[in-house]
Every structure is written in structure tokens, then in C-alpha cells.
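# Survey of secondary and tertiary structure
Next come the chains, spelled out residue by residue.
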Amino acid sequence: MEMDADRWVMHFQTNREQRLEPDWAAPVTLAADVVVKLVRSLEQFQLSDGGGPASLIAWNCESFRSSSAATRKLVDLWFEEEKEHTRLLFSAVSRFGGRPITSHWSFSVFCWVRRFSVRFELTVLLLTEIAAC
Ligand SMILES: [Fe+2]
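To start, this report covers the structure provided alongside it. (Residues numbered from 1 in each chain as written. Predicted model: local features only at pLDDT ≥ 70, side-chain atom pairs only at ≥ 80, totals over all residues. Heavy atoms only, no water.)

What follows concerns the overall build of the protein chain. Broken down by element type, the protein chain carries six helices and zero strands. When its helices and strands are written in sequence order, the protein chain yields α-α-α-α-α-α. Projected onto the principal axes, the alpha-carbon positions of the protein chain cover approximately 50 × 35 × 20 Å. The buried share of the protein chain, taken over its 133 residues, is 35%. (Helix = DSSP H or I, 4+ residues; strand = E, 2+ residues; numbered from the N terminus. Buried < 20%, exposed > 50% of the residue type's maximum accessible area, 1.4 Å probe, protein only.)

In this model helix α4 (residues 69-95) runs 39 Å from its N-terminal to its C-terminal C-alpha over 27 residues, within 8% of the 39 Å that 1.5 Å per residue would give. The positive-phi residue at the C-terminal boundary of α4 is G97, with phi of around 85 degrees. (Expected span 1.5 Å × (residues − 1).)

Bringing the packing of α4 against helix α6 (residues 118-132) into the picture now. Close contact between α4 and α6 brings their axes to 13 Å; oriented N to C, the two are set at 40 degrees. Relative to α6, the element α4 is oriented oblique. Here the hand of the crossing between α4 and α6 comes out left-handed. On α6, the residues touching W78, F79, E82 and H85 of α4 are L122, L125, L126 and E129. (Axes fitted to C-alpha atoms, helices over the stretch in contact; angles between N-to-C directions. Parallel < 35°, antiparallel > 145°, perpendicular 65-115°, else oblique. Left-handed = near helix turned anticlockwise from the far one by under 90°. Contact = heavy atoms within 4.5 Å.)

Attention now goes to empty space enclosed by the protein. Within the structure shown, the criterion is met by one cavity of 30 Å³ or more. Taken as a whole, the largest cavity encloses approximately 110 Å³ of empty space. Of all the secondary-structure elements, those providing two or more residues to the lining of the largest cavity are α4, α5 (105-114) and α6. (1 Å grid on protein atoms, 1.4 Å probe; cavity = no way out; pocket = protein on both sides within 12 Å on 5 of 7 lines; lining within 4 Å. Points joined across faces, edges and corners; volume = space filled by probe spheres on them.)

Counting across every chain of the model gives five aromatic pairs. Three or more aromatic residues joined by ring pairs make a cluster, and in this case those are W112, F116 and F120. Above the plane of the ring of W8 lies R7, whose end atom (NZ or CZ) is 5.0 Å from the centre. One cation-aromatic arrangement involves R95 over F96; the distance from NZ or CZ to the ring centre is 5.3 Å. (Phe/Tyr/Trp six-rings, centres within 6.5 Å; stacked < 30°, edge-to-face > 60°. Lys NZ or Arg CZ within 6 Å of the ring centre and 35° of its normal.)

Oppositely charged side chains may form a pair once their charged atoms are brought near each other. Scanning the entire structure with this criterion turns up ten salt bridges. Taking the shortest distance from any N to any O, the salt bridge between R19 and E81 comes out at 3.8 Å. Of this pair, R19 sits in the loop between α1 (5-18) and α2 (32-48) while E81 sits in helix α4, and the two are 62 residues apart along the sequence. Here R19 falls in the partly exposed class, since its relative accessible area comes to 29%. (Salt bridge = Lys/Arg side-chain N within 4 Å of Asp/Glu carboxyl O.)

Under the 1.5 Å per step criterion, the end-to-end length of α6 is 21 Å for 15 residues, consistent within 8% with the ideal 21 Å. Listed in full, the buried residues belonging to α6 are V118, E121, L122, V124, L125, T128 and E129. Looking straight down α6, one finds that the buried residues subtend no more than 165 degrees of arc, so they occupy a single side. Away from its buried face by more than 90 degrees, α6 exposes R119, L127, I130 and A131. Each element contacted by the buried residues of α6 is listed here: α2, α3 (61-65), α4 and α5. (Arc of directions from axis to C-beta.)

Now the structure itself:
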């Protein structure tokens, strides 16, 4: 299956240019017990969605990145977008009174499995993104 690089470049550029900033100062209408559970989940999610290495880390990632100029550009754009996800999740964590965390056992496993192969890493990263939706 061939990747439509132009479509994905446009996707990332549109996201960058048209993303609306949430109203971080809006009143919190969730019950306190819900916020406690939510913030712990957000803290872990913020760590795994962009809180780790902002690049592919699989042992064979460079062969993938250098397979074409379009692939290199898409990977770079993707991780730029991941940095934005991290910023947004950091704001969400802060909004609910949480603090960013720097380690968690699930994050260690997440980073470890990403090194298996670039194909596996891409799958893991995409599953993370899908879960975020
Ligand atoms: Fe993300």
C-alpha cells in the first residue's frame, strides 16, 4: 500500500494552522472524585503521548526515515505534532490540578517495545493516537 505523502503533509499543516486552543480557564464542572481519577489518567497519557523521545527510536528507524524525502518529512511533521499534543496534555493536566510525571512502569514498557522494529513502533504509536481520539 502506497502512502499519500501530500495528503499527510496537508493534514499536519492544517492541524498546525487551524487547531483551536481549549479554554483552559473554563469552569470545571466535573465532580471532584471524577477529577481525581481523570487527572491521574491524564498524567500518564501526557507522559506517553509525546512525553518520551520525540522521534522514532526503533533499531531500524533510520532506514525507514531515509527511504524517501517524503517519509523523512512526514516523520518530522508527525513528531512536531506530537510535541503539540504534549503541550495540550500538559495544559490539561495543569487545568485539573495535576503535575506532569516523568516515569511510570507502563511508559517504560511503551518505550521498550518501540525499539523492536520500526513497523512495530509505528503500530504502537498509531494505537496510542487512536486511543487519544
Ligand atoms: Fe499524540
